Amino acid sequence: MEIEVIQKVMKVNDEIAGGIRERLRGAGVAAVNLISAPGSGKTSLIESALRALAGRVRVGVLEGDPDTTLDAQRIAVHGVPVVQIQTAGGCHLEANLVSRALDRLPMHDLDLLLIENVGNLVCPVDFDLGETARVAIVSTAEGHDKPAKYPKLFRTTDVVVLNKIDLLPYVDFDETVFAGYIQTINPKARILRTSCRTGEGIDAWTGWLTRAGGVPSSA
Ligand code: MG
Ligand code: ZN
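Residues numbered from 1 in each chain as written. Chains lettered and ligands numbered in written order. Predicted model: local features only at pLDDT ≥ 70, side-chain atom pairs only at ≥ 80, totals over all residues. Heavy atoms only, no water.

Asks: Looking at this model, I keep getting lost on the layout of surface pockets. Mind explaining?
Replies: A probe as big as a water molecule, rolled over the atoms, marks out the empty space that is left. Within this model, the largest pocket holds a volume of roughly 170 Å³. The wall of the largest pocket is formed by 16 residues, among which Gly39, Lys42, Thr43, Asp71 and Glu116 lie closest to the centre. Of all the secondary-structure elements, those providing two or more residues to the lining of the largest pocket are helix H2 (42-53), strand E2 (59-65) and helix H3 (70-76). Grouping the amino acids of the lining of the largest pocket by side-chain chemistry returns 3 nonpolar, 8 polar and 5 charged. (1 Å grid on protein atoms, 1.4 Å probe; cavity = no way out; pocket = protein on both sides within 12 Å on 5 of 7 lines; lining within 4 Å. Points joined across faces, edges and corners; volume = space filled by probe spheres on them. Helix = DSSP H or I, 4+ residues; strand = E, 2+ residues; numbered from the N terminus. Nonpolar A, V, L, I, M, F, W, Y, C, P; charged D, E, K, R; others polar.)

Written as structure tokens, this is what we have:
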């Protein structure tokens, strides 16, 4: 009967996600769900975006982590509304956690909500959070085979960010093979190459977020 229980959990999650989607639409907020393995640079990419979008796009952040408020502390330095969701060891965010976190954000004062999921390439994929767009992040140190090993994530994402490209000279990462896997799994997914360390590609990343947030990028 375990399958039935799982189906019920997913159904409840999807209903709550539908409610989140309506709330976001009502408040005019776009939400981006960032999914990756631990250490790929999600928080750093959010920080890069906050620096670039400051004064142009009103950004709020939800931080998902099993323990600690370390990432929320990093985000709070930038002076934007942030809520840390501690999953108490849980390995993904669920819609009910996001829904409760939205109550603590000034939704009508935001254009864009960045949701940093728990570092995990498997189960966050199955949980709709009501997001407008979904981003997969892979760092070059993780290897080019990740799309082949975790196809479900890459099939459901709008954008794939290849982060830490400054490390390419030092790691055995074949970008052609990586892009080939993504092309096979999800030909519509756009690949962005970034380095938070050198700033390379951050313009394209924040440009995409700006469009996702529905804000004119002319400023
Ligand atoms: Mg993080
Ligand atoms: Zn999980």
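Moving on from the model shown.
Asks: Could you clarify how one ought to interpret helix H7 (residues 175-185) in this entry?
Replies: For an α-helix, the turn length of 3.6 residues means that residues three or four places apart are oriented alike. Of all the residues in H7, the buried ones are Phe178, Ile182 and Ile185. The arc that holds the buried residues of H7, viewed along the axis, is 70°, so those residues lie on one side. When the buried face of H7 is taken as reference, the exposed residues oriented beyond 90 degrees from it are Thr176, Gln183 and Thr184. Buried residues along H7 sit against strand E5 (133-139), helix H5 (146-149), helix H6 (151-155), strand E6 (159-163) and strand E7 (190-193). (Buried < 20%, exposed > 50% of the residue type's maximum accessible area, 1.4 Å probe, protein only. Arc of directions from axis to C-beta. Contact = heavy atoms within 4.5 Å.)

Asks: What's the story with the environment of glycine 90 in this structure? I'm lost.
Replies: Relative to the elements of secondary structure, glycine 90 occurs in the loop between strand E3 (82-86) and helix H4 (95-102). Filtering out sequence-adjacent residues up to four positions away, glycine 90 remains in contact with Pro66 and Val118.

Asks: Hey, could you run me through the coordination of the zinc ion (ligand 2) in this one?
Replies: A metal bound by six donors in octahedral fashion has ideal angles of 90 or 180 degrees, whereas one bound by four tetrahedral donors has an ideal angle of 109.5 degrees. Taken together, Cys91 (SG), His92 (ND1) and Cys123 (SG) make up the protein donors of the zinc ion (ligand 2), found 2.0 to 2.2 Å from the metal. One chain supplies every donor to the zinc ion (ligand 2), and in sequence these donors are spaced C-H-x30-C. Of this pair, histidine 92 sits in the loop between E3 and H4 while cysteine 123 sits in the loop between strand E4 (112-116) and E5, and the two are 31 residues apart along the sequence. Note on accessibility: histidine 92 and cysteine 123 belong to one class, buried. (Donors = N, O, S within 2.8 Å, 3.2 Å for Na, K, Ca; no water.)

Asks: How should I be thinking about the pairing of E2 in this particular structure?
Replies: Within a regular strand, side chains alternate between the sheet's two faces. Here E2 lies mainly inside the structure; 7 of its 7 residues are buried. Summarising the sheet, E2 and E4 pair through 5 bridges and their orientation is parallel. Pairing of glycine 60 across the sheet is with leucine 113, part of E4. For E2 and E3, the ladder comprises 5 bridges, and the chain directions are parallel. Note on E3: the bridge partner recorded for valine 61 is valine 82. Of the crossover connections in this fold, the one passing from E2 over H3 to the parallel E3 is right-handed. (Pairing = 2+ DSSP bridges. Right-handed = clockwise from strand over helix to strand, strands pointing away.)

Asks: How should the packing of helix H1 (residues 2-27) against H4 be read in this particular structure?
Replies: In a pair of packed helices, the angle between the axes and the distance between the axes together describe the arrangement. Where H1 meets H4, the axes come as close as 8 Å, and the angle between the chain directions of the two elements is 30°. Here H1 lies roughly parallel to H4, going by the angle between them. Considering how the two elements wind past one another, H1 and H4 form a crossing that is left-handed. On the side of H1, the interface is formed by Asn13, Ile16, Ala17, Ile20 and Arg23, while H4 contributes Ala95, Asn96, Val98, Ser99 and Leu102. Among the residues forming the contact of H1 with H4, the class breakdown is 6 nonpolar, 3 polar and 1 charged. (Axes fitted to C-alpha atoms, helices over the stretch in contact; angles between N-to-C directions. Parallel < 35°, antiparallel > 145°, perpendicular 65-115°, else oblique. Left-handed = near helix turned anticlockwise from the far one by under 90°.)

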